[in-house]
Amino acid sequence: MTTNTSQSSTPAAAGPEGGGVDLATEFLDRSTPLSRIRNLLHRYPALSPGIVLVVAVIVFGVISPRFFLANNLSLITQQVAVVGTLAIAQTLVILTAGIDLSVGAIMVLSSMVIAQTASQNHVPAALALVLGLLVGLAAGALNGVLVTRLKLPPFIVTLGTLNIFLALTLLYSNSASVIGQNIPALITSTGATFNVGGIGITYGVVAMLVLYIVMAFIMGKTAWGRHVYAVGDDKESARLAGIRVNRVLLSVYVAAGAILAIGAWIQIGRADAASPNAGNDLNLDSITAVVIGGTSLFGGRGTIWGSLLGALIVGVFRNGLALAGLDVLYQTLAVGVLIIVAVSLDQWIRKVRK
Amino acid sequence: MTLSEDTRPASTLPYTQPVLKATGLVKTYGRVVGLDGVDLELYQGEVLAVIGDNGAGKSTLIKCLTGAEIPDEGQLHLQGSPVHFKRPQDAKLYGIETVYQGLAVSPALDIASNLYLGRELRKPGILGSVFRMMDTKTMRSNSKQELDRLGISTLQDVTVAIENLSGGQRQAVAVARAAAFGSKVVVLDEPTAALGVRESNQVLELIRRLRDQGIPVILVSHNMPHVFDVADRIHIQRLGKRAAVITPQSHTMTEAVAIMTGAATA
Ligand SMILES: Nc1ncnc2c1ncn2[C@@H]1O[C@H](COP(=O)(O)OP(=O)(O)O)[C@@H](O)[C@H]1O
Ligand SMILES: [Mg+2]
């Protein structure tokens, strides 16, 4: 046992509350600079994506003068709004050591219900949105029930429901889109823009940011959030500590469904239409954002804000590479490399555990 | 079986009923028989040790007593009333706290979060009632006080994540949680397994202190000197059954081991 009197040589490793020398410093301070970096990244999972984003913005800004134009920045935020919202739902599921392959499909199903009930059945706009929310909740509940009751792996469950929701969407919509003109203004209002310092921001982007703030609060400040982390960290320990694991898991999938319904609203505004094929890439893109955002696929480690960073990183890379005149295939390549790097980094960071 | 009746602590004779009483507990895992009709009585103010070979069913017994497993057959009585624990939460509500073998702590959460896991305090006023905000500050300061009160000096900073602690310190957190919240019964399954001599002695001291406060303790241990040091009575588990109940006075360690291994009967 070392005594606790050593003056800390790594102020950076001290907790966010300050408090001078604490045990954390003593334990985390394992000599080599490399392990010190690792401990720091372990303690702050959003740190590495934060650094990557800042570097990417600077590099792309230098490469292409058009990058920092107001129009371009506005475009990036709009491109990120939907996947960023879906990434919140995905983060919740991945924090429980699960994965949800059906987020895009649920969002699209919900968006078709919103658009079609409002346009074809002439349901009032607000009620149409509520119906979309109910669809999201029901779809999330179905995932949750299958995961908790049948004890099936979330990967398989959501692979199944992905196809089911997709088929339901095509059946319900007759594979036809609903164009913006036919949708009430309240529903497409998420695509409307207002100005912040010359940059056009849509209400959909604002909705996404509000969702991030609310969910970050819930995950960090409420018992439910803490239980989500505990369940993802170690299910059996959480159960023995008295947490109703299945109840937490079910609530996570239901909450994800609600968030996806809000994503549907944002998507309709963004596209100024509701299309049954809008969600195909989003299932995997949301996972990409979460993983690049520093959340561990093994559960229990990560932050909500990290996923916003992850979504922004993907958005900035795609945009920056396009501005640099590179073919779309290089965007895909870059995203692939980012995923591998992020997962490798997580693997390395997790070795902090003894 | 009247053996256990005879060996009750003298002070509790003749009228006291057991605080916790299990009768005919059976638990099977497929074809494996974990418990094969086990009885157990725990009396007020005693330390009841449970010993037995590997696979004798000690941990299964503990789990069935505390809601972590639901027994296939058998009854539980708490202070004379029948109870049915469907999950650990149920036993906790009755004031039964348990350290399970292999430690049930969440590595990524800090010490204070682990102590309060599943029973987080909320802030007073609407911050707590409407916004459901946890009272992190109070939970931290309470945790610190509790660790000090329990004499667990090896844990200074309650905001350190469990994964940054040594095996012994993790064990100390698990024991502290049980001791802090166990108002009726404290159950410890191999709590000194990963501990050094000094830390083990701290845990034994803690067990004595709990008993002196009137909280009965069930202690599962492989360590015969520890068992004979703190136990008032010793439940010997063998092949899924209770082979005997002895006391440190009635039997020697060698005799206890002989019963444990089947070389002798009580
Ligand atoms: N979850 C389980 N699944 C299958 N078999 C189990 C399980 N838990 C315990 N057992 C079996 O039950 C028996 C008793 O185990 P246990 O109670 O852990 O023994 P002890 O704690 O005395 O070493 C062993 O044969 C063990 O293999
Ligand atoms: Mg055991």
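Residues numbered from 1 in each chain as written. Chains lettered and ligands numbered in written order. Predicted model: local features only at pLDDT ≥ 70, side-chain atom pairs only at ≥ 80, totals over all residues. Heavy atoms only, no water.

Some points on the overall build of chain B
Summing up its helical and strand segments, chain B has ten helices and ten strands in all. Taking 18 Å as the expected radius of gyration for a compact globule of 266 residues, we find that chain B reaches 19 Å, a close match to that expectation. Principal-axis analysis of the C-alpha atoms gives chain B an extent of 60 × 40 × 40 Å. Per-residue burial for chain B yields a buried fraction of 56% across its 266 residues. Long-range contacts, defined here as pairs at least 24 residues apart, represent 65% of the contacts in chain B between residues at least 6 apart. Between the averaged position of the 28 positive side-chain charges in chain B and that of its 27 negative side-chain charges there is a distance of 5 Å. (Helix = DSSP H or I, 4+ residues; strand = E, 2+ residues; numbered from the N terminus. Rg over C-alpha atoms; globule rule 2.2 N^0.38 Å. Buried < 20%, exposed > 50% of the residue type's maximum accessible area, 1.4 Å probe, protein only. Contact = heavy atoms within 4.5 Å. Lys, Arg positive; Asp, Glu negative; His and termini not counted. Charge placed at Lys NZ, Arg CZ, Asp CG, Glu CD.)

Description of the packing of aromatic side chains
Residue and element names in this part refer to chain A. Counted under the stated rule, the structure contains seven aromatic pairs over all chains. Considering the side-chain rings of Phe 60 and Phe 317, the 5.4 Å spacing of their centres and the 85 degrees angle between planes classify their relative orientation as edge-to-face. Placement of the pair is Phe 60 in helix α3 (residues 47-63) and Phe 317 in helix α14 (residues 304-323), with a sequence separation of 257 residues. What makes Phe 60 buried here is its relative accessible area of 7%. Since its relative accessible area comes to 18%, Phe 317 is described here as buried. (Phe/Tyr/Trp six-rings, centres within 6.5 Å; stacked < 30°, edge-to-face > 60°.)

A word on the pattern of salt bridges
Residue and element names in this part refer to chain B. Counted under the stated rule, the structure contains 15 salt bridges over all chains. Among the ionic pairs, Glu 97 bridges to Lys 92, the shortest N-O distance being 3.3 Å. Residue classification places Glu 97 among the buried residues on the basis of a relative accessible area of 1%. One salt-bridge network, held together by shared partners, links Lys 27, Glu 69 and Asp 72. (Salt bridge = Lys/Arg side-chain N within 4 Å of Asp/Glu carboxyl O.)

With respect to the site of ligand 1
Residue and element names in this part refer to chain B. Taken together, the residues surrounding ligand 1 are Tyr 29, Val 32, Gly 34, Asp 53, Asn 54, Gly 55, Ala 56, Gly 57, Lys 58, Ser 59 and Thr 60. In this structure, an oxygen atom belonging to ligand 1 sits 3.1 Å away from a main-chain N or O atom of Gly 57. Look at ligand 1: alone it shows 560 Å² of surface, and the protein chains cover 62% of it. Contributions of two or more residues to the shell around ligand 1 are made by β2 (32-42) and α2 (58-66). Looking at the shell around ligand 1 element by element, the count peaks at three residues for α2. Along the lines of polarity and charge, the residues of the shell around ligand 1 split into three nonpolar, six polar and two charged. (Near = heavy atom within 4 Å. Polar contact = N/O pair within 3.5 Å; in protein donor to acceptor, adjacent residues only side chain to side chain. Areas by Shrake-Rupley, 256 points an atom, 1.4 Å probe, with all protein chains shown as cover. Nonpolar A, V, L, I, M, F, W, Y, C, P; charged D, E, K, R; others polar.)

A few points about the pairing of strand β4 (residues 73-78) of chain B
Residue and element names in this part refer to chain B. Summarising the sheet, strand β1 (residues 20-29) and β4 pair through five bridges and their orientation is antiparallel. Bridging across to β4, Ala 22 finds its partner in Leu 76. As paired strands, β4 and strand β5 (residues 81-83) are joined by three bridges and run antiparallel to one another. When the bridges of β5 are listed, Leu 76 appears paired with Val 83. (Pairing = 2+ DSSP bridges.)

Observations concerning helix α13 (residues 282-292) of chain A
Residue and element names in this part refer to chain A. Across the eleven residues of α13, nine count as buried, placing the element largely inside the fold. Among the residues of α13, those classed as buried are Leu 282, Asn 283, Ser 286, Ile 287, Thr 288, Ala 289, Val 290, Val 291 and Ile 292. Looking at the packing, one finds that the buried side of α13 touches α3, α4 (70-95), α5 (103-119), α7 (154-173), α14 and α15 (328-349).

Brief notes about unusual backbone geometry
In this structure, His122(A) is a non-glycine residue whose phi angle is positive, near 55 degrees. If you trace the backbone, His122(A) turns up in the loop between α5 and α6 (125-149). The class of His122(A) is exposed, set by a relative accessible area of 64%. Its identity as a non-glycine residue notwithstanding, Glu190(B) has a phi of 55 degrees, on the positive side. Residue position: Glu190(B) is located in the loop between β7 (185-189) and α8 (197-212).

Considerations on the side chain of Glu190(B)
Buried within the structure, Glu190(B) lacks any salt-bridge partner; its nearest side chain of opposite charge belongs to Lys58(B), at an N-O separation of 4.7 Å. Once residues within four sequence positions are removed from consideration, Glu190(B) is found in contact with Lys58(B), Gln101(B), Gln171(B), Val220(B), Ser221(B) and His222(B).

What about the UniProt feature "domain: ABC transporter" (unreviewed entry) in chain B?
Using the residue numbers shown here, the UniProt feature "domain: ABC transporter" (unreviewed entry) corresponds to residues 20-264 of chain B. Structurally, residues 20-264 of chain B comprises 35% helix and 25% strand, and the distance from its first C-alpha atom to its last is 28 Å. (UniProt positions renumbered as here; feature names shortened; annotations may be inferred.)

As for the interface of chain B and chain A
Taken together, the contact pairs 33 residues of chain B with 30 residues of chain A. Here chain B meets chain A over a buried area of about 2900 Å², counting both sides, of which 56% is carbon and sulfur. Taken as a group, Met134(B), Glu163(B) and Asn164(B) account for 20% of the area that chain B buries against chain A, more than any other trio of residues on that side. On the surface where chain B and chain A come into contact, there are zero salt bridges. Summed over the shared surface of chain B and chain A, the number is seven residue pairs in polar contact (both at pLDDT 80 or more). If you list the elements that add at least two residues to the side of chain B that touches chain A, you get α3 (88-93), α6 (136-149) and α7 (167-181) of chain B. Residue contributions to the side of chain B that touches chain A peak at three residues, all from α3(B). Class assignment of the residues belonging to the side of chain B that touches chain A gives a composition of 16 nonpolar, nine polar and eight charged. (Buried area = accessible area lost by both parts, 1.4 Å probe.)

Considering the sheet that holds β2(B)
Residues and elements named next belong to chain B. Ordered in space as β2-β1-β4-β5, the four strands form an open sheet in which the pairing is antiparallel. Taken across any chain shown, the strands that pair with only one partner, and hence form the sheet edges, are β2 and β5. Here the strands of the sheet are splayed against their neighbours by 30 degrees on average, with no regard to which way each runs. The pairing of β1 with β2 spans eight bridges and is antiparallel. (Axes fitted to C-alpha atoms, helices over the stretch in contact; angles between N-to-C directions.)

Observations regarding the coordination of the magnesium ion (ligand 2)
Looking at the magnesium ion (ligand 2), the protein donor atoms are Ser59(B) (OG) and Gln101(B) (OE1), and they sit 2.1 Å from it. Taken together, the positions of Ser59(B) in helix α2 and Gln101(B) in the loop between β6 (96-99) and α4 (111-115) put the pair 42 residues apart, joining distant regions of the chain. (Donors = N, O, S within 2.8 Å, 3.2 Å for Na, K, Ca; no water.)

Quick notes on the environment of Gln171(B)
Residues and elements named next belong to chain B. Within the secondary structure, Gln 171 sits in helix α7. Along the primary structure Gln 171 and Gly 214 are separated by 43 residues, whereas in three dimensions their C-alpha atoms are 23 Å apart. In this structure, Gln 171 is in contact with Leu 103, Glu 190, Pro 191, Thr 192, Ala 193, Ala 194 and Leu 195, ignoring residues within four places of it in sequence.

What to know about α4(A)
Residues and elements named next belong to chain A. In this model, α4 (26 residues) spans 35 Å end to end at C-alpha, consistent with the 38 Å of a helix rising 1.5 Å per residue. The sharpest bend along α4 measures roughly 40 degrees and falls at Ala 81. In terms of residue burial, α4 counts as a mostly covered element, since 20 of its 26 residues are buried. Following α4 by one or two positions, Ala 97 has its phi on the positive side, about 70 degrees. (Expected span 1.5 Å × (residues − 1). Bend = angle between axes of the 7 residues up to and from the residue.)

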